[in-house]
Amino acid sequence: HPTDLTMLGLGAMGSALTAALLDADHSVTVWNRTPGRDTDLVARGAHAAGSVREAVTASPVVVACLLKHDSVHETLDPVIDALRGRTLVNVTTTTPEEARELASWAAAHGVDYLDGAIMAVPAMISSRAGQIFYSGSRAAYDALLPIIDIWATSEFHGEDAGRASLVDLAMLSGMYQLFAGFVHGAAMVGSVGMSACDFAARQAPFLAAMTAELAGFAKVIDGGDYTVPNQQSLDFSDLSHIVRASEGQGVDPAPIAAVQALIDRQVAAGHGSEGFARIYESLRATVSTG
Ligand code: NDP
C-alpha cells in the first residue's frame with residue numbers, strides 16, 4: 001500500500017509527529033519495534049506495516065523517530081538495500097558526530113539524508129510553538145518543507161548533517177545550565193529554610209527579565225571587542241563573593257565556581273577590565289571549533 005511517508009518509531013514523539021501528518025490528510029505507514037503501539041494511529045487512518053522492510057518500501061520518505069543513534073542502525077541496517085533512492089529524515093536525537101556518521105552511511109547506500117533536531121515536546125507538535133532544526137540534504141529539505149512544516153517551524157542549518165544536532169545541543173546546554181543555576185540558588189536559600197517554591201516564585205520572573213541581556217552579550221561576542229564602554233568589567237563581575245556565600249552555608253558552589261573559574265582565567269590573562277562576555281574566550285580556548 002503506497003503512502004506519502006513512513007514513520008519508524010511510535011514513542012511519544014513519533015506518535016505526535018504521525019498524528020500531525022494524519023490530521024493534515026497525509027497517508028502514513030507506521031512501524032514500531034514493539035507491536036501494539038499503533039492502535040490509536042491506525043484508528044485515525046495510518047497504515048500498519050508488519051515489518052521494517054514493508055514500512056520502508058511503502059513510502060518515498062522514511063522518518064525515523066527512535067531512541068538514539070544505535071536504534072537507527074539496529075532498525076535500518078538489515079533493510080538498507082530497500083532504502084536506496086528514498087529519503088531518510090532522521091529526527092532521532094544524536095550527537096553531531098553520530099548525525100555525520102549516519103549521513104555518510106546513507107550516502108554510501110544511495111539514500112538522501114536529512115537530519116532533524118526537535119526543539120519541542122510532543123504536546124507542542126503542530127502548535128507552532130516548537131522549532132525543528134534540519135541539516136544535511138538541501139534538496140530533501142526544500143522538497144519536504146510543506147510536509148515538515150506541519151510539525152513545527154522549520155529551519156535549515158546547512159549541508160553539514162551534524163549542524164542541526166549541534167545547535168540543538170547548544171540550546172539544551174544553555175537551558176540545563178540555567179536550570180542548574182536555579183537549583184544551586186534553591187540550595188543556598190534552602191540552607192536557611194526558604195522553600196524552593198518560594199525561591200522559584202522570585203527567581204523565574206528575574207531570570208525572564210535577565211534574558212534581555214543575551215542579545216547585548218551576543219553583539220559583543222560577534223564583534224570580538226570586549227572593551228565595550230558601559231559594560232560591567234570582569235573585575236566588577238567577580239563572583240567570588242557568591243562562591244564564598246555558598247560555601248559559608250555549606251552548599252556546594254560547583255555551578256557558580258565554574259563560572260568564576262572562567263572569569264579568573266581572563267583576569268589572569270590581563271583582561272580584568274573587560275566585560276563579562278569576555279569569558280567566551282575562556283571557552284573558545286579549550287573547545288575545538290572544527
Ligand atoms: P520514547 O521513549 O517515547 O520512544 C522511543 C521509541 O524508540 C519507541 O518507539 C521505541 O520502540 C523505539 N526504540 C528504542 N530503541 C529501539 C531500537 N533499538 N530499535 C527500534 N526501535 C527502538 O521516546 P520519544 O518518542 O519521546 O523520543 C524519540 C526521539 O525523539 C528520541 O531520540 C528523543 O530524544 C527525541 N525527542 C523527544 C522529545 C520529547 O519531548 N519526547 C523532544 C525532542 C526530541 P519500543 O516501543 O519498541 O520500545
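Here the structure is a predicted model, which is why all the values come from computation and not from measurement.

## Thoughts on the overall build of the protein chain
Consideration 1: Secondary structure assignment for the protein chain yields 13 helices and eight strands.
Consideration 2: With 290 residues in all, the protein chain has 33% of them scored as buried.
Consideration 3: Partitioning the contacts of the protein chain with sequence separation of at least 6, the portion at a separation of at least 24 is 60%.

## Quick notes on the site of the ligand
Consideration 1: As a matter of local geometry, the ligand sits amid 22 residues, with Gly 11, Met 13, Arg 33, Thr 34 and Thr 93 nearest to it.
Consideration 2: Of all the elements in the fold, those that place two or more residues in the shell around the ligand are α1 (12–23) and α4 (69–76).
Consideration 3: Residue classes in the shell around the ligand are distributed as nine nonpolar, nine polar and four charged.

## A few points about the pairing of strand β2 (residues 28–31)
Consideration 1: Residues of β2 alternate between two faces, with Val 28 and Val 30 on one and Thr 29 and Trp 31 on the opposite face, all of them buried.
Consideration 2: Pairing geometry for strand β1 (residues 5–8) and β2, over four bridges, is parallel. Residue pairing across strands places Thr 6 opposite Thr 29, the latter belonging to β2.
Consideration 3: For the segment spanning β1, α1 and β2, crossover handedness is right-handed.
Consideration 4: Where β2 and strand β3 (residues 47–48) come together, two bridges link them in parallel fashion. Considered in β3, the bridge of Val 30 is made with Ala 48.

## Section: the sheet that holds β1
Consideration 1: Reading across from one edge, β3-β2-β1-β4-β5-β6-β7-β8 is the order of the eight strands in this open sheet, with mixed pairing throughout. Looking at strand neighbours, the two that pair on one side only are β3 and β8 (153–156), the edges of this open sheet.
Consideration 2: By the bridge criterion, four bridges tie β1 to strand β4 (residues 61–64) in an arrangement that is parallel. In the sheet register, Leu 8 faces β4, and the bridge partner there is Ala 64.
Consideration 3: Each of β5 (87–90), β6 (112–119) and β7 (131–136) touches helix α6 (residues 96–108); the most contacted strand, β6, lies at about 155° to it.

## Side note on the pairing of β6
Consideration 1: Among the eight residues in β6, seven count as buried, and that is most of the element.
Consideration 2: Where the polypeptide runs from β5 across α6 and back to β6, its parallel neighbour, the crossover connection is right-handed.
Consideration 3: The pairing of β6 with β7 spans six bridges and is classified as antiparallel. If you follow Gly 116 over to β7, its bridge partner there is Tyr 134.

## Some details on the domain arrangement of the protein chain
Consideration 1: Domain boundaries in the protein chain define domain 1 (5–166) and domain 2 (177–286).
Consideration 2: Taking only C-alpha atoms into account, the centre of domain 1 sits 38 Å from that of domain 2.

## Section: the nonpolar core
Consideration 1: Counting residues in hydrophobic clusters, the biggest one holds 50 residues, and the most contacted among them are Met 7, Leu 8, Leu 17, Val 63, Ala 64 and Cys 65.
Consideration 2: Once you skip the residues sitting within four places of it in the chain, Ala 64 turns out to touch Leu 8, Gly 9, Val 72, Leu 88, Asn 90, Val 91 and Thr 92.

## Notes on the environment of Thr 93
Consideration 1: You can see Thr 93 is positioned in the loop between β5 and α6.
Consideration 2: C-beta crowding within 10 Å serves as the criterion here: with 20 such atoms nearby, Thr 93 is assigned to the buried category.
Consideration 3: With 24 residues separating them along the chain, Thr 93 and His 69 place their C-alpha atoms 7.2 Å apart.

## Some words on α1
Consideration 1: With twelve residues, α1 should cover 16 Å at 1.5 Å per step; its first-to-last C-alpha distance of 17 Å lies within 8% of that length.
Consideration 2: All of the buried residues along α1 are Met 13, Gly 14, Ser 15, Ala 16, Leu 17, Thr 18 and Leu 21.
Consideration 3: If you follow the buried residues of α1, they end up packed against β1, β2, α2 (39–43), β4 and β6.

## Overview of the packing of helix α11 (residues 240–248) against helix α12 (residues 254–268)
Consideration 1: Where α11 meets α12, the axes come as close as 9 Å, and the angle between the chain directions of the two elements is 155°. One way to sum up the angle between α11 and α12 is to call them roughly antiparallel. The two elements α11 and α12 cross, and the hand of that crossing is left-handed. Contacts from Ser 240, Ile 242, Val 243 and Ser 246 in α11 reach Ile 256, Ala 257 and Gln 260 in α12.
Consideration 2: When the residues that make up the contact of α11 with α12 are grouped by side-chain class, the tally is four nonpolar, three polar and no charged.

## Digging into the packing of helix α8 (residues 163–190) against helix α9 (residues 196–210)
Consideration 1: Viewed as axis vectors pointing N to C, α8 and α9 meet at an angle of 135°, and their least axial separation amounts to 10 Å. Compared by their axis directions, α8 and α9 come out oblique. The interaxial crossing formed by α8 with α9 has right-handed handedness. Across from Leu 178, Phe 182, Gly 185, Ala 186, Val 189 and Gly 190 in α8, the residues of α9 making contact are Ala 196, Phe 199, Gln 203 and Leu 207.
Consideration 2: Classifying every residue of the contact of α8 with α9 by side-chain character gives seven nonpolar, three polar and no charged.

Cut-off values and rules
- Residues numbered from 1 in each chain as written.
- Predicted model: local features only at pLDDT ≥ 70, side-chain atom pairs only at ≥ 80, totals over all residues.
- Helix = DSSP H or I, 4+ residues; strand = E, 2+ residues; numbered from the N terminus.
- Buried ≥ 20, exposed ≤ 12 C-beta atoms within 10 Å, placed from the backbone.
- Contact = placed C-beta atoms within 7 Å.
- Near = placed C-beta within 6 Å.
- Nonpolar A, V, L, I, M, F, W, Y, C, P; charged D, E, K, R; others polar.
- Pairing = 2+ DSSP bridges.
- Right-handed = clockwise from strand over helix to strand, strands pointing away.
- Axes fitted to C-alpha atoms, helices over the stretch in contact; angles between N-to-C directions.
- Domains from an automatic or database assignment.
- Core = buried A, V, L, I, M, F, W, Y, C linked by C-beta atoms within 7 Å.
- Expected span 1.5 Å × (residues − 1).
- Parallel < 35°, antiparallel > 145°, perpendicular 65-115°, else oblique.
- Left-handed = near helix turned anticlockwise from the far one by under 90°.

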